Amino acid sequence: MWKNNNIEHDQTILDKEINKILKIYKFIRIYDIFFSTLLLIILSPLIILILFICFFESRNPIFIQERIGIYQRPFKLFKFRTMKINTPSKASHLINENYVTNFGKIIRLLKLDELPQLLNVLNGDMSLVGPRPCLPNQKELIKMREKYKLFNQVYIKYICEKS
C-alpha cells in the first residue's frame, strides 16, 4: 500500500513538472510569434529599403544558408546578402574581408543583415530565446550543445528557473 502511494506521488510530481515545461514552451513560442510579428511590421519599411539596396548591389539580396536549429532540426536561415556571390560557405569570421560588399559592411556593423531571421523565428525554426543556430559543419559546437542540451530551448528555460 505504501509503495503504491509513493509511485502515485512520484507520477503527480512528474506530471506537474511536464505541465510546467509545456507552459514554458508555450510562453516562449507566444513570445517569439508576438515579437517577431511586431518587429516585422514596425521594421518593414527598413527591411524593404535594405532589400532594394542589396538587390541593386548584388542582384540576389537574400542569402540562404542551412543551419541547425531548435531540437537539432536543419532549416534554411535567411539573411540579407552582405558578401559577394560564390563566397566560400564558412563561418563569417573565417572569411576574408574582401568578400564583403560595400553596403554589406554597413548593415553588418548595424546588425541589420539579421532582420530576415525574424521570418525564421515566426516559422518556428529558431527562437529569440536560446543559442544562435549553428552551421552543420561546426561539429565541435554541435557536440557541446548536445552535451549541455542547448538545442532544447524549453530545457534551457526550465534549468534557469530551477537555479
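How each quantity is defined
- Residues numbered from 1 in each chain as written.
- Predicted model: local features only at pLDDT ≥ 70, side-chain atom pairs only at ≥ 80, totals over all residues.
- Heavy atoms only, no water.
- Patch = residues over 30% accessible without salt bridge, like charges linked within 9 Å, V, L, I, M, F, W, Y side chains within 5 Å.
- Areas by Shrake-Rupley, 256 points an atom, 1.4 Å probe, with all protein chains shown as cover.
- Salt bridge = Lys/Arg side-chain N within 4 Å of Asp/Glu carboxyl O.
- Helix = DSSP H or I, 4+ residues; strand = E, 2+ residues; numbered from the N terminus.
- Buried < 20%, exposed > 50% of the residue type's maximum accessible area, 1.4 Å probe, protein only.
- Lys, Arg positive; Asp, Glu negative; His and termini not counted.
- Polar contact = N/O pair within 3.5 Å; in protein donor to acceptor, adjacent residues only side chain to side chain.
- Contact = heavy atoms within 4.5 Å.
- Pairing = 2+ DSSP bridges.

A. Summary view of a nonpolar patch on the surface. On the surface, Phe27, Tyr31, Phe34, Phe35, Leu38, Leu39, Ile42 and Leu128 cluster together to form a nonpolar patch covering roughly 720 Å² of accessible area. Tracing the chain through its elements places leucine 38 in helix 1 (residues 2–58).

B. Just the environment of leucine 135, in detail. Its location among the elements puts leucine 135 in the loop between helix 3 (117–123) and helix 4 (139–147). Taking the C-alpha atoms as reference, leucine 135 lies 9.4 Å from serine 89; in sequence the two are 46 residues apart.

C. Structural detail: unusual backbone geometry. One non-glycine residue with positive phi stands out, namely arginine 59, at about 65 degrees. Looking at the secondary structure, you find arginine 59 in the loop between helix 1 and strand 1 (62–68). At lysine 111, a position not held by glycine, the phi torsion is positive, near 65 degrees. Here lysine 111 shows up in the loop between helix 2 (102–109) and helix 3.

D. Layout of the side chain of arginine 67. Note that arginine 67 resides in strand 1. One buried charged residue, arginine 67, forms no salt bridge at all, with the nearest opposite charge on glutamate 114 at 6.9 Å. Here proline 133 takes part through its backbone oxygen, which lies 3.0 Å from a polar atom of the side chain of arginine 67. Not counting chain neighbours up to four residues away, the residues in contact with arginine 67 comprise Arg73, Pro74, Phe75, Leu77, Arg132, Pro133, Cys134, Leu135 and Pro136.

E. Main features of the pairing of strand 2 (residues 74–80). Taken together, the seven bridges between strand 1 and strand 2 define a ladder with antiparallel strand orientation. Counted as the bridge partner of glutamine 65 is leucine 77 from strand 2. Counted between consecutive antiparallel strands, the loop separating strand 1 from strand 2 contains five residues, among which tyrosine 71 sits at a positive phi close to 60 degrees.

F. Inspection of the pattern of salt bridges at higher detail. Evaluated as defined, the whole model comprises four salt bridges. For aspartate 113, the salt bridge goes to lysine 79, with nearest N and O atoms at 3.6 Å. Placement of the pair is aspartate 113 in the loop between helix 2 and helix 3 and lysine 79 in strand 2, with a sequence separation of 34 residues. For lysine 79, a relative accessible area of 13% corresponds to the buried category. Between glutamate 114 and lysine 79 there is a salt bridge, with its nearest N and O atoms 3.5 Å apart. Here glutamate 114 is found in the loop between helix 2 and helix 3, whereas its partner lysine 79 is found in strand 2, with 35 residues between them in sequence. Residue classification places glutamate 114 among the partly exposed residues on the basis of a relative accessible area of 23%. Three or more residues are tied together by salt bridges with common partners; here these are Lys79, Asp113, Glu114 and Arg132.

In short, the description is geometric, and any link to function would need to be established separately.
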